[in-house]
Amino acid sequence: MQDIDRLGMARVMEEAIRHVQGADGVHVSFDIDCVDPGEAPGTGTPVKGGMSYRESHFALELLQEAGIVTSAELVEVNPSLDTDGRTSRLAAELICSLLGETIL
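Since the model is a prediction, treat every value here as computed from it, not as a measurement. (Residues numbered from 1 in each chain as written. Predicted model: local features only at pLDDT ≥ 70, side-chain atom pairs only at ≥ 80, totals over all residues. Heavy atoms only, no water.)

K.L.:
What exactly am I supposed to notice about the environment of Gly85 here?
P.N.:
Tracing the chain through its elements places Gly85 in the loop between strand 2 (69–75) and helix 4 (86–98). In this structure the C-alpha to C-alpha distance between Gly85 and Gln2, which are 83 residues apart in sequence, comes to 29 Å. (Helix = DSSP H or I, 4+ residues; strand = E, 2+ residues; numbered from the N terminus.)

The following block contains the structure:
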């Protein structure tokens, strides 16, 4: 989060993407508990001050634009803690961003 705060999501993701350019493919493992619990309360290990709704979508949109992702998983959604379905909906939306849908 310090890098995201200091540099911004675009630069952090540009550096990460540059680091893996040339690989045969990239597997994305997105732990929803990295998102602020105000947006994703249904996880066993919420992190106050985590990524925002928009930062999370933007990171996955940038990965999709780079065309390097060959597989992905979105983990740490706990339906028993997600009483209103908010985290589950966010997880589905984030997967859509990784597959090319944009929210803005």
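Structure shown, so let's carry the discussion forward.
K.L.:
How should I be thinking about the state of the cysteines in this particular structure?
P.N.:
Note on terminology: a disulfide is the covalent bond linking the sulfur atoms of two cysteines. Taken as a whole and assessed by the stated rule, the structure comprises zero disulfides. With no disulfide of its own, Cys96 lies 17 Å from the sulfur of Cys34, the closest cysteine sulfur. (Disulfide = S-S within 2.5 Å.)

K.L.:
So what exactly am I meant to see when it comes to the packing of helix 3 (residues 53–66) against helix 4 here?
P.N.:
To characterise two packed helices, one gives the angle between the axes of the helices and the distance between these axes. Interhelical geometry of helix 3 versus helix 4 gives an angle of 30° and a closest axis separation of 7 Å. If you check the angle between helix 3 and helix 4, you find them roughly parallel. For the pair formed by helix 3 and helix 4, the contact residues are Tyr53, Ser56, His57, Leu60, Glu61, Leu63 and Gln64 on the first element and Leu90, Glu93, Leu94, Ser97 and Leu98 on the second. In the contact of helix 3 with helix 4, the residues fall into six nonpolar, four polar and two charged. (Axes fitted to C-alpha atoms, helices over the stretch in contact; angles between N-to-C directions. Parallel < 35°, antiparallel > 145°, perpendicular 65-115°, else oblique. Contact = heavy atoms within 4.5 Å. Nonpolar A, V, L, I, M, F, W, Y, C, P; charged D, E, K, R; others polar.)

K.L.:
Teacher, can you tell me more about the environment of Glu65 here?
P.N.:
Structurally, Glu65 is set in helix 3. Residue Glu65 is classed as exposed on the basis of its relative accessible area of 59%. The spacing of Glu65 and Val28 is 37 residues in sequence and 14 Å in space, taken between C-alpha atoms. (Buried < 20%, exposed > 50% of the residue type's maximum accessible area, 1.4 Å probe, protein only.)

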